Structures are given as structure tokens and as C-alpha cells.
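Below, each chain spelled out in residue letters.
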Amino acid sequence: MWTAAIVCLCFVTAFVLASLVEYWVHRLMHASPKLKISERHREHHRKNDGQGVLWEFLDYVKGTAIAMGLMFFVSWQAGLAWMLGALAFAAFSSYAHQLQHENPTKCFWMKMPVHYVHHKYGMWHHNFGLAVDWWDHVFGTYKAVDWLTEEELNQPERGLLALRWW
């Protein structure tokens, strides 16, 4: 019984913590042009395009691989749950990022697709979330705008899976 509770807790904690790390890494990319990751991020803003779900996912996993293995020092069950929680968030975030670049009206889990708005309105100090908007609310960087304009309303109807996967 306790093992199942610990496994669930590890999965959920890793998922939520990964969203927090994503928020702060994105925010740091905007904080200092001297950071090496900032140049790549500026290019992302210039192109205003995702890499494809698979390539986004691989970037997230590469950047967090060491942290994914930490809980294996506690137990293999905790390690596996932690790793799966982190991988689940990486997959969800990769999908959400690509979706917001290609089909932002399909981000039904957010009132406003914050990453899309971040790009569309050049928000260098607001809306840093990619997959979720929780941390923007918590840290006061959420900025609501009337984002649903004719441009979005006139996009051809596409499904949730109709985006670039690689």
C-alpha cells in the first residue's frame, strides 16, 4: 500500500517539478543575452516554429537525463516512477509546444495558449509556460490578452494530432 502511494507521489512530483524547471529555464533564456542557450532561443523566436514533437522531446530529455535518475538512489520503484513522471511531462510539453506553434486553438487545457501568446505579442517578460500556465500565475508573469483574433478563427480546422511530429 505504501509503495503504491510513494510511487504515485514520485510520478506526480516529477511531473510538477519538471513543469517548474521548464518555466524557469524558459524565463532564464529571456533574462540574459549572454547565456549560450539564449542565442538558440532568440533564433526560435525569429523563426516562430517548433522543431517537431520528437526533436523537442529529445531536447528535454537530454537536458534533464541526470535529474531523471536521482530517485533510483532511493529505490528502483521510486526511480522508475520519478523517471516516468519526468518523461510524461517531457512528452506532454513537447506536444504542447508544437501544438501552440501550429494549432493554438486546440490547447483546451489552458484558457489562453501562453506560449503562442508569448510569441505572437513578443512578450519577453510574460507567459513563460510552454505546456501549462500554472507557474506564470504563481510568479506573476501571466499576462492575459484577447488572443483569439480573426487570424486564429480563420485557420483551417485540424485535429489534435495534426502537427509536425519530427
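Just above, that's the structure.
The rules behind these values
- Residues numbered from 1 in each chain as written.
- Predicted model: local features only at pLDDT ≥ 70, side-chain atom pairs only at ≥ 80, totals over all residues.
- Heavy atoms only, no water.
- Helix = DSSP H or I, 4+ residues; strand = E, 2+ residues; numbered from the N terminus.
- Buried < 20%, exposed > 50% of the residue type's maximum accessible area, 1.4 Å probe, protein only.
- Core = buried A, V, L, I, M, F, W, Y, C linked by side-chain atoms within 4.5 Å.

### Looking at unusual backbone geometry
Of note, the phi angle at Asn-127 is positive, near 55 degrees, even though the residue is not glycine. Residue placement: Asn-127 occurs in the loop between helix 5 (114-120) and helix 6 (134-138). The class of Asn-127 is buried, set by a relative accessible area of 0%.

### Side note on the environment of Asn-154
Residue placement: Asn-154 occurs in the segment after helix 7 (150-153). Separated by 20 residues in sequence, Asn-154 and Trp-134 have C-alpha atoms that sit 29 Å apart.

### Things to note about the nonpolar core
Grouped together as the largest cluster of nonpolar side chains are twelve residues: Val-53, Tyr-95, Leu-99, Cys-107, Met-110, Met-112, Val-114, Tyr-116, Val-117, Met-123, Trp-147 and Leu-163. Listed by contribution, the elements that provide at least two residues to this core are helix 4 (76-102) and helix 5. In terms of residue count, helix 5 provides more of this core than any other element does, three residues in total. Judged by nonpolar contacts, the second largest core, of five residues, contains Ala-18, Ala-96, Ala-131 and Val-132.

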